[in-house]
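Now for the letters of each chain:
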Amino acid sequence: MISDIHIGFSHPMHFERGKNYCVEAASGIGKSSLLHFIGGFRSDYIGTITLDQRDIRDFTPRERARLYRTELAYVFQNLRLFPNLTAFENVQIVNQQTSFRSEEEIRALFEQVGLSDKWDQPAQILSWGQQQRVAFLRALCQPCSFLLMDEPVSHLDDANARIMADIVTREQTKRGFGIVVTSLGKTLPIHYDQHLQL
Amino acid sequence: MRLIWKVLRQNLSIGQLIGFIIANIIGLTIIVLGVQLYRDIQPILSNKAGFMRPDFMVLTKPVSTLDAISGTKPAFEPEEIEELRQQPFVEQLGTFTAAQYRIYGQLVVKSYGIDVGSDLFFEAVPDDFIDVESEEWTFTPGDTKVPIIVPRTYLNLYNFGYAPTSDFPAISESMVNKVVLNLTLWGNGRSAQLKGRIIGFSSRINTILVPQTFIEWSNAQFAPYRHQGDVSRLILRVSNPTDERIATYCKEHELNIEGDNLNASKASWLMRILVAVVLVIGLIICFLAAYVLMLSIFLLMQRNQEAIRNLKAIGYTSHYLARPYQLLVFLTNLVSVGFAMLILSFSRYTYLKYLIGLAPDLRPASLAVAWLVALLFAIVLSAFSARVIYRSIR
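A quick note: this is a predicted structure, and the numbers were derived from the prediction, not measured.

Draft legend 1. View of the interface of chain A and chain B. In this complex, chain A contributes 18 residues to the contact, which on the side of chain B involves 17 residues. Across the interface of chain A and chain B, roughly 1,600 Å² is buried in total on both sides, 58% from carbon and sulfur atoms. Area buried by chain A at its contact with chain B is led by R80, F82 and N84 of chain A, which between them contribute 30% of it. Counting across the chain A and chain B interface gives two salt bridges. The shortest N-O distance in the salt bridge between K6 of chain B and E89 of chain A comes to 2.8 Å. At the surface where chain A touches chain B, the tally comes to six residue pairs in polar contact (both at pLDDT 80 or more).

Right, here's the structure in full:
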């Protein structure tokens, strides 16, 4: 269970488990890059990023896979859904690795975000906003120490953003993970312990 | 795995896959057919089915012009015989003993008006080398009858060469057995009249044979002072007549092998080369097929690169993601093995009919080795592909 993430750049940042952080910056400054650096998807930076004092660059591919399965849950900016899988299958492909949730629980989550009628529709025919919600549910269907979301509500109306915020707050209370959200302006409406400017 | 396969099978070209399977089947079929054919004809090549050649050989030394002029006879020294006896390909070795005195044989069949006579020669070899089984093949000093074995070619020469041109009747083997030869032996100032009876025909030894005991007795009687030890010809029983070492040994020691026995060895050698060529062609086709498959898989992985990257981003390991592709390669190889063995069974059914016609005693080999080769090939190819796939996904 990872309890903190340290970004050892010229402007250091520190993320602790159980707390909420909002990273804000204008477009093109490097919000998405930062989230990619944390997970070790990219390593084209100067400085160090440590997860519980261990440099992410020292993780083996197998350890990274475990990290993505059980420690870091992502909602990527480009979502990274599989277009030929249905909405449910896109969630299940993550969930089946750890059997984190039952199908009933997933159905209930779909219900809450207003996607129950999109359950068995291929992701490629969903709108971007609907895909964003599928990607969000997918991130909630795995164990994690940190939930990292890259502009998760950029294409959502306020009502849907509110629903997502409620779900994530409830889950956090239950599971105690930390939240790192990047924002261009529109922010996931939850309580943040710290707002960081890049 | 179902969902993973649903993601990863995108862009899979069925046409390419079928193309690979067909090419692989062709290559594998050539390989297993080569292996099986070689195993099926092996008994013929090594003479176990016995149509190609006998496993006896008669060795002589070449007669040089100098020998002819000086009157010396090429003979084997005892050391040479001993050395030959020690060779791994020699199972048994026997020497020819020649009669050292003069022999005249006369054949009289009054009812047919036949009265022919000729100078003869006798030789003897140990009984183990004689291919005629007869209770009459015995001689004890004092006997007036001598059993004789002549080459079967002599009878053929008479029947198909001499008899038609001389208006003599053709005679059968059983008739010859009833004929008695009047033999006159002389030397050492003595002579004797004996009756000779042809008791059989040899296909193996090309000389007029009499029992060893007769030669020893008669040489002592009619040529006691002549040199008895000269061995001009040797007869060998060899473990494998197609053994290349025999030809090499004879070449190195300047020995002649009577008849065309070495041709079988050459034929066998040629057969082995042909089988090797066939196997190499099969291997090349199989490797090309495997190469095509690998290219197809690489292309597939290239097209699915983003999906693979996204699967890794949600926690799937390279090992896990490589598995569907590895399984695909393994299954296509397995399908190829199945079809190749099926084609082999059909082809074998056809060619065995001809082979058994050629060598009725032939016992065809089992398919076990062909199965083993095919499966081994599929496993090695799959293992190699699996490694390449994993490395490219990683």
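Draft legend 2. Spatial organisation of the packing of helix 10 (residues 305-313) of chain B against helix 11 (residues 318-358) of chain B. All names here are of chain B. The contact between helix 10 and helix 11 brings their axes to 10 Å, and the two run at 140°. Judged on the interaxial angle alone, helix 11 and helix 10 are oblique. Here the hand of the crossing between helix 10 and helix 11 comes out right-handed. The segment helix 10 lies against helix 11, with I308, L311 and K312 engaging S318, L321 and Y325. Considered class by class, the residues forming the contact of helix 10 with helix 11 number four nonpolar, one polar and one charged.

Draft legend 3. Structural view of the domain arrangement of chain B. Split by domain assignment, chain B resolves into domain 1 (2-49 + 265-393) and domain 2 (56-260). With centres defined by C-alpha atoms, the gap from domain 1 of chain B to domain 2 of chain B works out at 57 Å.

Draft legend 4. Looking closely at the sheet that holds strand 1 (residues 56-60) of chain B. All names here are of chain B. Here we have four strands laid out as an open sheet, ordered 2-10-1-11, and antiparallel in their pairing. The open sheet has two edge strands, strand 2 (90-95) and strand 11 (256-257), and neither has a second partner. This element, helix 4 (residues 78-85), spans strand 1, strand 2 and strand 10 (233-238) of the sheet and lies at about 155° to strand 2.

Draft legend 5. Seen up close, the packing of aromatic side chains. Counting across every chain of the model gives 20 aromatic pairs over all chains. On the basis of an interplanar angle of 75° and a centroid distance of 5.3 Å, the ring pair of F41 of chain A and Y74 of chain A is categorised as edge-to-face. Taken together, the residues F41 of chain A in the loop between helix 1 (31-39) and strand 4 (48-51) and Y74 of chain A in strand 6 (residues 72-75) connect sequence positions 33 residues apart. For F41 of chain A, a relative accessible area of 24% corresponds to the partly exposed category. Overall, the relative accessible area of 6% leaves Y74 of chain A in the buried class. With a centroid separation of 5.5 Å and an interplanar angle of 50°, the aromatic rings of F139 of chain B and W217 of chain B are classed as tilted. Linking F139 of chain B in the loop between strand 6 (123-124) and strand 7 (145-151) with W217 of chain B in helix 7 (residues 212-222), this pair joins segments that are 78 residues apart in sequence. Assigned by exposure class, F139 of chain B and W217 of chain B land together as buried. Ring-pair connections join several aromatic residues into one group, and the members of that group are Y101, F122, F139, F214, W217 and F222 of chain B. Here R54 of chain A stacks its cationic end above the ring of F59 of chain A, 4.3 Å away from the centre of that ring.

Draft legend 6. Highlighting the sheet that holds strand 3 (residues 20-24) of chain A. All names here are of chain A. Pairing within the open sheet is parallel, and its five strands lie in the order 6-7-8-3-9. The sheet terminates laterally at strand 6 and strand 9 (194-197), the two strands that pair on one side only. Neighbouring strand axes in the sheet, compared pairwise and without regard to direction, differ in orientation by 15° on average. Its contacts with the sheet place helix 5 (residues 128-140) against strand 6 and strand 7 (146-150), and it is angled at close to 175° to strand 6.

Draft legend 7. Quick look at the pairing of strand 8 (residues 180-187) of chain B. Residues and elements named next belong to chain B. Judged from the six bridges that link them, strand 4 (residues 102-109) and strand 8 form a sheet pairing that is antiparallel. Each residue of the ladder has a partner; that of L107, found in strand 8, is L181. Hairpin remark: strand 8 followed by strand 9 (residues 190-202), antiparallel, with two residues in the connecting loop; positive phi at N188, about 55°.

Conventions adopted
Residues numbered from 1 in each chain as written. Chains lettered and ligands numbered in written order. Predicted model: local features only at pLDDT ≥ 70, side-chain atom pairs only at ≥ 80, totals over all residues. Heavy atoms only, no water. Contact = heavy atoms within 4.5 Å. Buried area = accessible area lost by both parts, 1.4 Å probe. Salt bridge = Lys/Arg side-chain N within 4 Å of Asp/Glu carboxyl O. Polar contact = N/O pair within 3.5 Å; in protein donor to acceptor, adjacent residues only side chain to side chain. Axes fitted to C-alpha atoms, helices over the stretch in contact; angles between N-to-C directions. Helix = DSSP H or I, 4+ residues; strand = E, 2+ residues; numbered from the N terminus. Parallel < 35°, antiparallel > 145°, perpendicular 65-115°, else oblique. Left-handed = near helix turned anticlockwise from the far one by under 90°. Nonpolar A, V, L, I, M, F, W, Y, C, P; charged D, E, K, R; others polar. Domains from an automatic or database assignment. Pairing = 2+ DSSP bridges. Phe/Tyr/Trp six-rings, centres within 6.5 Å; stacked < 30°, edge-to-face > 60°. Buried < 20%, exposed > 50% of the residue type's maximum accessible area, 1.4 Å probe, protein only. Lys NZ or Arg CZ within 6 Å of the ring centre and 35° of its normal.

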